[in-house]
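Residue-level structure breakdown
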Amino acid sequence: MSEQQKNPNLEAEQVLNSETQNETVEELLEPEVEVLEEVTENDELAKALEEVAQYKEAALRSQADAQNVRRRAEQDVEKAHKFGVEKFAKSIVNVADNLERALASAPATGESDPVREGVELTLKDLIETLARFEVKVVDPHGEPFNPELHQAITMVPNPELEPNTVMDVVQKGYTLHGRLLRPAMVVVSSAA
């Protein structure tokens, strides 16, 4: 005889034990399910916070870009105001050169010459007007040669001067708001 036949309640006990174990397993798993739900909610919250951070960073970047564009536009306008007269100034400095040449070619006599005085006054007024618009003369006679402001025409040996010193200015240079408008054409000394 088998055990089941001897004890008919054994099968019922086994089923009851099995159900009890299932209930115990379910009770044990319930907190894990709750934890999983919390973890899922936390993951969603973390993802949402990450998206918020990304959007915030994107907004800050676009704001910084807009500020940079505005600043660059202001600088461009400022440069346009400063250097808008550059072409005009380049043409006018040629007039100053011609007036200086006229004075150099006219002999200076002891008598008052109304034409010479007129040219001198015109040149003086022109130079003052150029200075009002920040056009400055570069006359480097006796200064060290500066390739940013001077253009050397030739080098002449001269033992009396330091090498690379401007000996003679053939044509004056000009700057506009500190920017070179025209380099001074110079003769530079070299070592003898």
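Up top is the structure these notes are about.
Residues numbered from 1 in each chain as written. Predicted model: local features only at pLDDT ≥ 70, side-chain atom pairs only at ≥ 80, totals over all residues. Heavy atoms only, no water.

1. Description of helix H4 (residues 114–132)
- Along its 19 residues, H4 runs 27 Å from first to last C-alpha, staying within 8% of the 27 Å computed at 1.5 Å per residue.
- If you check which residues of H4 are buried, you get Val 119, Leu 123, Leu 126 and Leu 130. One side of H4 holds all its buried residues, which, seen down the axis, span an arc of 65°. In H4, the exposed residues that point more than 90 degrees away from the buried face are Pro 114, Leu 121, Lys 124 and Arg 132.
- At the exit of H4 stands Glu 134, carrying a positive phi of roughly 60°. (Helix = DSSP H or I, 4+ residues; strand = E, 2+ residues; numbered from the N terminus. Expected span 1.5 Å × (residues − 1). Buried < 20%, exposed > 50% of the residue type's maximum accessible area, 1.4 Å probe, protein only. Arc of directions from axis to C-beta.)

2. Considerations on the packing of helix H3 (residues 86–105) against H4
- Direction vectors running N to C along H3 and H4 enclose 150°, while the axes themselves pass 10 Å from each other. For the element pair H3 / H4, the angle class is roughly antiparallel. The crossing of H3 and H4 is left-handed. Where H3 abuts H4, its residues Ile 92, Val 93, Val 95, Ala 96, Leu 99, Glu 100, Ala 102 and Leu 103 lie against Arg 116, Val 119, Glu 120, Thr 122, Leu 123, Leu 126, Ile 127 and Leu 130.
- Class assignment for the residues of the contact of H3 with H4 results in twelve nonpolar, one polar and three charged. (Axes fitted to C-alpha atoms, helices over the stretch in contact; angles between N-to-C directions. Parallel < 35°, antiparallel > 145°, perpendicular 65-115°, else oblique. Left-handed = near helix turned anticlockwise from the far one by under 90°. Contact = heavy atoms within 4.5 Å. Nonpolar A, V, L, I, M, F, W, Y, C, P; charged D, E, K, R; others polar.)

3. Points about the sheet that holds strand S2 (residues 150–157)
- If you trace the three strands from one edge of the open sheet to the other, you get S2-S6-S3, paired in mixed fashion. Taken across any chain shown, the strands that pair with only one partner, and hence form the sheet edges, are S2 and strand S3 (166–171). Strand-to-strand twist in this sheet, taken as the mean axis angle between neighbours without regard to direction, amounts to 25°.
- Pairing of S2 with strand S6 (residues 184–190), which is carried by seven bridges, proceeds in the parallel orientation. Bridge pairing in S6 places Met 155 opposite Val 188. (Pairing = 2+ DSSP bridges.)

4. Observations concerning the packing of aromatic side chains
- Summed over all chains, the structure comprises zero aromatic pairs.
- Positioned above the aromatic ring of Phe 83, the side-chain terminus of Arg 179 is 3.7 Å from the ring centre. (Phe/Tyr/Trp six-rings, centres within 6.5 Å; stacked < 30°, edge-to-face > 60°. Lys NZ or Arg CZ within 6 Å of the ring centre and 35° of its normal.)

5. Describing the side chain of His 150
- If you trace the backbone, His 150 turns up in strand S2.
- According to the relative accessible area criterion, His 150 is buried, its value standing at 5%.
- Other than its neighbours up to four places away in sequence, His 150 contacts Val 138, Pro 140, Pro 144, Phe 145, Val 166, Pro 183, Ala 184 and Val 186.

6. Some points on the environment of Pro 163
- For Pro 163, the location among the structural elements is in the loop between S2 and S3.
- With 27 residues separating them along the chain, Pro 163 and Ser 190 place their C-alpha atoms 4.5 Å apart.
- Not counting chain neighbours up to four residues away, the residues in contact with Pro 163 comprise Ser 189, Ser 190 and Ala 191.

7. Points about the sheet that holds strand S4 (residues 173–176)
- Taken in spatial order, the three strands of this open sheet run S1-S4-S5, and their pairing is antiparallel. The strands lining the two open edges of the sheet, one partner per strand, are strand S1 (135–138) and strand S5 (179–182). Sheet twist, expressed as the mean angle between neighbouring strand axes with direction ignored, is 35°.
- Its contacts with the sheet place H3 against S1, S4 and S5, and it is angled at close to 50° to S5.

Structural measurements only, silent on function.
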